[in-house]
Amino acid sequence: MDKEQQTRSKKLHELSQLLKKNNFRTDYSNSTASWGVTWPDDAEDDYAGSKNHGNNNNKKIDSTLDDAVKSALAGFGVLAPTSSQQQVWNRSIPSTLYQTPKCTSSLTTIMPMSRLPPGAKICGRQPSATDDGNGDVLVEVWKHSLTNEEHDGNKASTGTGELQHRPLQGNLSSKLSEYTRGKMGVRRPFRPGGMGDDEEDEYQDVDTKPTTAKSEYLSEEAIMNARRALTLGSKKAWEEGILITSPPGMSFRVGLSYGDVFNDGGDLEMADNVGDGDELAAKVASLSVVDDGGGAAATFAGSAFAVPSSTIWDKKYFDDDSLFGESTSGSESDSDESEAESNEEVVGDDMETLELAKVKPTTKVSEEPLSPEDEVDSLLSEMNYTLQSPIDRAMAEKKSSTSAWSIDDQKDAKNRKSWAVTDYIPLTDNADFHTLCPNPALTFPFELDDFQKQAILRLEKRQCVFLAAHTSAGKTVCAEYAVALAKKHCTRAIYTSPIKALSNQKYRDFRSKFGEDVGLITGDMQIGADGSCLIMTTEILRSMLYRGADLIRDIEWVIFDEVHYINDSERGVVWEEVIIMLPEYVNMIFLSATTPNTIEFSEWIGRTKRKPVHVIRTNYRPVPLSHHLWAGHKMHKIMEGRQGFDSKGYAAASKALLPASARAKADAKINKGGNKANSTGKQSSAPGKPATGSKLTSWQQQGSKQDWISLVRYLEKEGLMPTVTFSFSKKKCEDIANQLRSLDLNTAAERNLVQSFAIQTVARLSPKDQILPQVVNTVEMVKRGIGVHHGGLLPILKEMVEILFSRNLIKILFATETFAMGVNMPARSVVFNAIRKHDGVQFRELQPGEYVQMAGRAGRRGLDTVGTVVLCCFGDQPPPQTMLKNMLTGSSTKLQSQFRLTYTMILNLLRVEDMSVEGMIKRSFSEFATQRALTNNEYPKLLTRGTKTLIKLDEAFKHDVDSRIGAEDIEEYYAASSNVLSSAKQLLNYILSSGGTGGGALVAGRLILVTSPRKHGYVRAPAVVLKPPAASSSSSATSNEGEGIICIVLLPQSYTAGKNKEDATVLGDLNFVGLQRDRFYAIHELRLDEILVVSDKKFKIDSRIFLKEKSSSMPSGHGSLTNPFSGARSVQRRDEDDPFAGMMARGKKGNDNSRSSKPSVSQESQVVDDAVAFLITAEETELNTGLDVLDLKECAKNIHQGNSAVEFGGAYARYEQNIAMLRHFRCHYHPNLETHYKGVDRRETLRSRVSILRKLLSNESLQLFPDFLQRKALLQSLGYVDENDTVCLKGRVACEVNTCEGLIVTEMVFGGLLSELEPTEIVAALSALIFQEKTDEEFDSELPERLVASCNGMKAIAIDLGQRQKDHGLPVDPLEYCATSLKMGLVHVVYEWACGVPFSSICELTDVQEGSIVRCITRLDELCREVRNCARVVGNPTLYRKMEMASEAIKRDIVFASSLYVS
């Protein structure tokens, strides 16, 4: 211990001498004291300059330094205490002693003397009179004195003006960083002069405003330093000495303005899309490259692309484009975000005026404020326009005289923000890929393509990517880089695949690239579950999300490979569930083949996850394809690359398929007429056999053994191997491969390699399984270079074939479509045996997307210059040319939603709190178009405005009770009037459906009562029909205003002239208003729903006086400029109306005949007077006794068919009753009925529009919402869910089953159906829920009776569940539901297997192929584990142990042989 203390004393002495040698001292000058720390001087010159001021202090420090250091170290126990000291503790030197001390904020600050506010306390030396008298000397001031509340800080008299007191905490660099990160950018924009309130930055003196044009901060160096400070952050910028500060207590406007820092500030404004943000990054990067010889460039590049995406994308950017929540429900919030608070009301009014102008482009906006009635009418017109269908809206815009609205609409569509971003990051010489990504997480031994570079740059910025490219284009590069990023960030990446085979292959590929840190999770195994990269199927990930697995918290990336598999009708819903349920912090990568609606799908993902999705599409194919027809033992090219379809090649193939005699005749005919054909320029087509009868499908014929041998020999000769031959039948693949037994395509060395690998593979099987027929045949074929790959093959044999094919040891492979989807193994060429397939419902031709997916396997990148695709033609003619053109050049299959509700999904969502079933439906891809339309049409804003306006109208109606004397029953009268109008419309539509005037109901001269309160301002006004509805448009007269009934209407006595500016001034024009007998009348066009009563009275009237044809003002034979045939009449109508229409009376010219028949002015006045008198009399009659109603049954007696007469009679009886009820109300006879009726009509119409909008925005508008209610009602009736939507015990049991129909399994568990069976019988019965193929389902007599009885009990349960679903309104047939849910084809096979029978023996019990049996038993093991969990939830230990024994009984031998990819 003494030696250790002596060593410490020696080191202390050396340290003391070193400090004395370096002249260590403390300087309390203004420049250092402001930081609140003590600093040693770095230069002797600085020390010499200040030596005179602190000589005495230095001496004291030098004399006491030794004692001070010793005392401090003794306190920490480093040295033994002296006699005068007491040791506190004795321990080793802590590590924190060597850390840099943290600098606390200074208690003082420096500012000019002229800027000192009253009460400010100066620290240290007071300024002397010898200092400069200009008031600009810097002094050190205590900060707390600047915020003293005793003084009035609003006004401080200074030498140059008045200044506000606002102490500055922070600096401009930190404020700019906050702005860039979106904390201050949108709601409080970065205005010149700072980011504070306007009141704080206003000047009291205009002379104090700085002139930014002459500011010293506008130099190029200052601008570059400011940008670098923004990029590097406050701490690093301070260390480099480029920190931008402003003196505390001063306004930003006094210190630095926005223009002072950034002269080109517009370039740094936050843009509305990511493209501008990327351009900003590129500009700053280019500026940084110039600085410091490249040192700063690396600093910026490393930091700019390491920040999360939130630094570029502000969340407030999408506030007005919300799909869910309440961010879109208020119009006031939009004005808050765009303008200052003082201008909110003005902006709101302007926005409403702008929206109204869009709805009615021809209406001029008046500067005068609108009346309350006009405001409600404008809101109703806006609602009507918004609620119109797209077709009606297009028709309305087409009829509009101006195109202002369409132009604005197009601009809005272009400027609308999209969640799918297609902008690329610009790559220049100064900002190339390696500059923007200097430290990549993964490097590749080849030069990346442009789309791969774009994807990697997006991944570096932690952004979602949708990569659509052709097969073998290199999409896997994006997935590998995401895995490398997850390893670099110590997070997880999940790689999902559509099928298990692809998962196993990716596990092998990723494990060879990333080592042991890769895991695989499937239904029957888990390998490396703690790895940073986990490979699994999408169903496994969905189960983890429903269970809330712990590893979800660690996920950074989820990679969806082959995302176009979402089109699968059975499993496509799984992709949508996973995308919707993933947490928001998870970034997603979508890899897909080229699809036409990639943008739409990405838009849905972005709106659902509230983050932009960067779409990277490329049509680039590394190896172009060449398409041929195999006809006449030769290949005929029909298309190559992106060139069009070659008809000559198709004609040559057609000719090659003809018989020799027919081909010779065709050649002779062509040679004989060749010159003539060439001279006319026409191409002679090769003659073929007449396509009649069975010849229509002759191109579907299959090839013989000789045909296939000839094709394989040709492919081998031309060097087109290895080849994949696609056939859409498992049996056909086997048959063609067996026809080639005489061929040996491998060399001796290759045969030895194949035999060696096959022996190693077969050695994994038991001796009995090694002699299975399928194993022996497959091993024999692969030795000769021929392979088969389909779902019926044993899994271990499929893997053997895949590995051999990837090593070029199999020259021709016969495979089904699954090979193209699940295995990424390109070939030299691809052959199609047929282009028709069975999709589970019917036979059909291949779709373009399916053809491209399979044909894309042709062409190996880096090995082949072109990929060859061959379509076999073994019949008498090739496939139809149109079919081939569509398949080769047609667009790919669109991504379509297959979302549907399942009982397991409903129960799982009812158990979690984060999402409801309605939320899941609303976020599904199937509802995307509807939800987007609701948002784009601003339904939420209209609903909010309508609701507020409706509340005001209801309150106003209650307060106006005194003004409705004699009209107290106006609300009841309005309801009765609405019933009459509705009934009249229904009856008139029926009688007008046959054409004409409806049996004389609406003939010219018919007296009717009409109601049009808001449009024309009259109620139960008398009118006479001038022009009945057109026969061809009677059914559409209710919807189109231009196809109604033209009438002369008697206006109410309260009508005043000049009220409507659209009124015509010439008698004979529509909307003309005239005065006769001190009453106004009008010519209006009315709809059927505006007719109140059809009277039995008629008036003989000359319609030509009141209504002139539009073409009458134009000379005969002349059309309009836009339509030269506008004045012409159709031949059919001319013949029907006037058989002599084409003839002209002798001696007459032109229109003289029409002129002579025109009535005089006095005659017109008399006719008008008679008509108005008739209308006045009718009005008096209605008010006194009531007009007689026309018997519409007589008008419709010749129209009735079947039971329609009875239904029409009942409707007419109700119509008469409603009219009689209407005339009992006092309001019907009120002199000011129009005024009261109009107010109620306006209010009730608004109420109905608000109700429609509320329904559209509610869950009731969801397409699957009725299905959800029906399914939930069924679950409640079965006891799975209670009345409070709480999941019960049965529901929790059903949630454990994901492999099959969970309701059947749950009913079996609770019904005790499984408890009575043995483990072998249980597993055999459960196989009926797994097996899917159609086979003979008759039970063998060798099966135990209990097993047969349990199978029958399962059928009874299924039929009962089907019947219950049908009773609750679901479209389910009980027998069909039972047949699709239960298939008993492998019950006997699985029972024997569980009893220990060898696999070779159970294969003899059925015609099902070996691979299908293995796949069924493998999935059956997963179902056994789920049923075991069900027993655990229920608390049935007996069933729990039985399920464990059942699982052990089937897990043996070849069924559960280890995978070649895994081990």
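That block above? That's the structure.
Residues numbered from 1 in each chain as written. Predicted model: local features only at pLDDT ≥ 70, side-chain atom pairs only at ≥ 80, totals over all residues. Heavy atoms only, no water.

Visitor: Give me the lowdown on the packing of helix α51 (residues 1319-1326) against helix α57 (residues 1437-1450), citing residues and values where you can.
Guide: Here α51 crosses α57 at 75 degrees, and the two axes come no closer than 8 Å. Between α51 and α57, the interaxial angle falls into the category roughly perpendicular. Mapping the contact onto sequence places Pro1319, Ile1322, Val1323 and Leu1326 in α51 and Leu1439, Lys1442, Met1443, Met1445, Ala1446 and Ile1450 in α57. When its residues are assigned to classes, the contact of α51 with α57 shows 9 nonpolar, no polar and 1 charged. (Axes fitted to C-alpha atoms, helices over the stretch in contact; angles between N-to-C directions. Helix = DSSP H or I, 4+ residues; strand = E, 2+ residues; numbered from the N terminus. Parallel < 35°, antiparallel > 145°, perpendicular 65-115°, else oblique. Contact = heavy atoms within 4.5 Å. Nonpolar A, V, L, I, M, F, W, Y, C, P; charged D, E, K, R; others polar.)

Visitor: Could you give me a rundown of the packing of helix α18 (residues 450-460) against helix α19 (residues 476-488), with the residues and numbers involved?
Guide: Interaxial distance between α18 and α19 falls to 10 Å at its minimum, and their mutual angle equals 25 degrees. By the criterion of interaxial angle, the relationship of α18 to α19 is roughly parallel. For α18 against α19, the interelement crossing comes out right-handed. Counted together, Gln452, Ala455, Ile456, Leu459 and Glu460 of α18 and Val477, Cys478, Tyr481, Ala482 and Leu485 of α19 form the full contact between these two elements. Classifying every residue of the contact of α18 with α19 gives 8 nonpolar, 1 polar and 1 charged. (Left-handed = near helix turned anticlockwise from the far one by under 90°.)

Visitor: Hey, could you go over the nonpolar core for me, with residue numbers and the actual values?
Guide: Judged by nonpolar contacts, the single largest core of 179 residues is most densely connected at Phe560, Phe601, Phe832 and Phe1399. When residues in this core are grouped by element, the largest group, 10 residues, is from helix α56 (residues 1410-1434). Apart from the residues within four sequence positions on either side, Phe601 is in contact with Phe466, Val563, Ile566, Ile579, Leu895 and Phe925. (Core = buried A, V, L, I, M, F, W, Y, C linked by side-chain atoms within 4.5 Å. Buried < 20%, exposed > 50% of the residue type's maximum accessible area, 1.4 Å probe, protein only.)

Visitor: Go over the environment of Ile951, please, and point to the residues and values.
Guide: You can see Ile951 is positioned in helix α39 (residues 939-959). The class of Ile951 is partly exposed, set by a relative accessible area of 46%. Between the alpha carbons of Ile951 and Arg1247 there is a distance of 9.8 Å; along the sequence they are 296 residues apart.

Visitor: Break down the packing of aromatic side chains for me, with residues and values.
Guide: Under the criterion given, the structure shown has 29 aromatic pairs. With a centroid separation of 5.5 Å and 55 degrees between ring planes, the pair formed by Trp708 and Phe874 is classed as tilted. Within this pair, whereas Trp708 is found in helix α27 (residues 705-717), its partner Phe874 is found in the loop between β20 (867-872) and α35 (881-889), the two being separated by 166 residues in sequence. The class of Trp708 is buried, set by a relative accessible area of 0%. Overall, the relative accessible area of 13% leaves Phe874 in the buried class. On the numbers, 4.9 Å between centres and 25 degrees between planes, the contact of Phe1099 with Phe1174 is stacked. Remark: Phe1174 occurs in helix α44 (residues 1161-1184) and Phe1099 occurs in the loop between β26 (1091-1098) and α41 (1103-1106); sequence separation between them is 75 residues. Clustering of aromatic rings is evident, with ring pairs tying together Phe466, Phe560, Phe590, Phe601, Trp604, Phe925 and Phe928. (Phe/Tyr/Trp six-rings, centres within 6.5 Å; stacked < 30°, edge-to-face > 60°.)

Visitor: An account of the sheet that holds β26 is needed here, citing residue identities and associated values.
Guide: Strands sit in the order β24-β25-β23-β22-β21-β26 across an open sheet of 6 strands; the sheet is antiparallel. Taken across any chain shown, the strands that pair with only one partner, and hence form the sheet edges, are β24 (1073-1076) and β26. Averaged over all pairs of adjacent strands, the angle between strand axes in this sheet comes to 30 degrees, irrespective of strand direction. Sitting on the sheet, helix α40 (residues 970-992) touches β21 (1006-1012), β22 (1018-1027) and β26, and the angle it makes with β26 is about 65 degrees. (Pairing = 2+ DSSP bridges.)

Visitor: Tell me what's going on with helix α50 (residues 1302-1310), and back it up with residues and numbers.
Guide: Most of α50 is tucked away, with 8 of its 9 residues classed as buried. Along α50, the residues classified as buried are Gly1302, Leu1303, Ile1304, Val1305, Thr1306, Glu1307, Met1308 and Val1309. Directly after α50, the chain includes Gly1312, whose backbone phi takes a positive value near 70 degrees.

Visitor: Can you tell me about unusual backbone geometry, naming the residues and giving the values?
Guide: That bond from Met721 to Pro722 is cis: its omega, 10 degrees, falls within 30 degrees of zero. Of note in the backbone geometry, Cys490 takes a positive phi value of approximately 60 degrees without being a glycine. As for its position among the elements, Cys490 is in the loop between α19 and β5 (492-497). On the basis of relative accessible area, Cys490 is assigned to the exposed category, the value being 71%. Its identity as a non-glycine residue notwithstanding, His633 has a phi of 60 degrees, on the positive side. Looking at where His633 falls in the secondary structure, it is placed in the loop between β12 (625-631) and β13 (634-640). By relative accessible area, His633 is classed as partly exposed at 47%.

Visitor: So, the sheet that holds strand β9 (residues 555-560): which residues are in play, and what are the values?
Guide: Read from one edge of the open sheet, 9 strands run β3-β11-β4-β10-β9-β5-β8-β6-β7, paired in mixed fashion. A single partner strand is all that each edge strand has here, and the edge strands are β3 (420-421) and β7 (526-527). The strands that helix α21 (residues 538-547) touches are β5, β6 (518-521), β8 (533-537) and β9; relative to β8, the one it contacts most, it runs at about 105 degrees.

Visitor: Give a detailed account of the environment of Glu817, specifying residues and quantitative values.
Guide: For Glu817, the position within the fold is in the loop between β16 (812-815) and α33 (818-822). If we ignore the near neighbours within four places in the chain, the residues touching Glu817 are Phe728, Lys837, Glu850 and Met854. Polar side-chain contacts of Glu817 include one of 2.7 Å to the side chain of Lys837. (Polar contact = N/O pair within 3.5 Å; in protein donor to acceptor, adjacent residues only side chain to side chain.)

Visitor: Outline the pattern of salt bridges, listing residues and values.
Guide: Taken as a whole, this structure holds 43 salt bridges when the rule is applied. Arg492 is the salt-bridge partner of Asp554, the closest N and O atoms lying 3.7 Å from each other. Of the two residues, Asp554 sits in the loop between α21 and β9 while Arg492 sits in strand β5, which places them 62 residues apart along the sequence. Arg492 sits in the buried class, given a relative accessible area of 12%. Two residues, Arg1079 and Glu1179, come together in a salt bridge whose shortest N-O distance is 3.1 Å. Remark: Glu1179 occurs in helix α44 and Arg1079 occurs in strand β25 (residues 1079-1086); sequence separation between them is 100 residues. Using a relative accessible area of 17% as the deciding quantity, one classes Glu1179 as buried. (Salt bridge = Lys/Arg side-chain N within 4 Å of Asp/Glu carboxyl O.)

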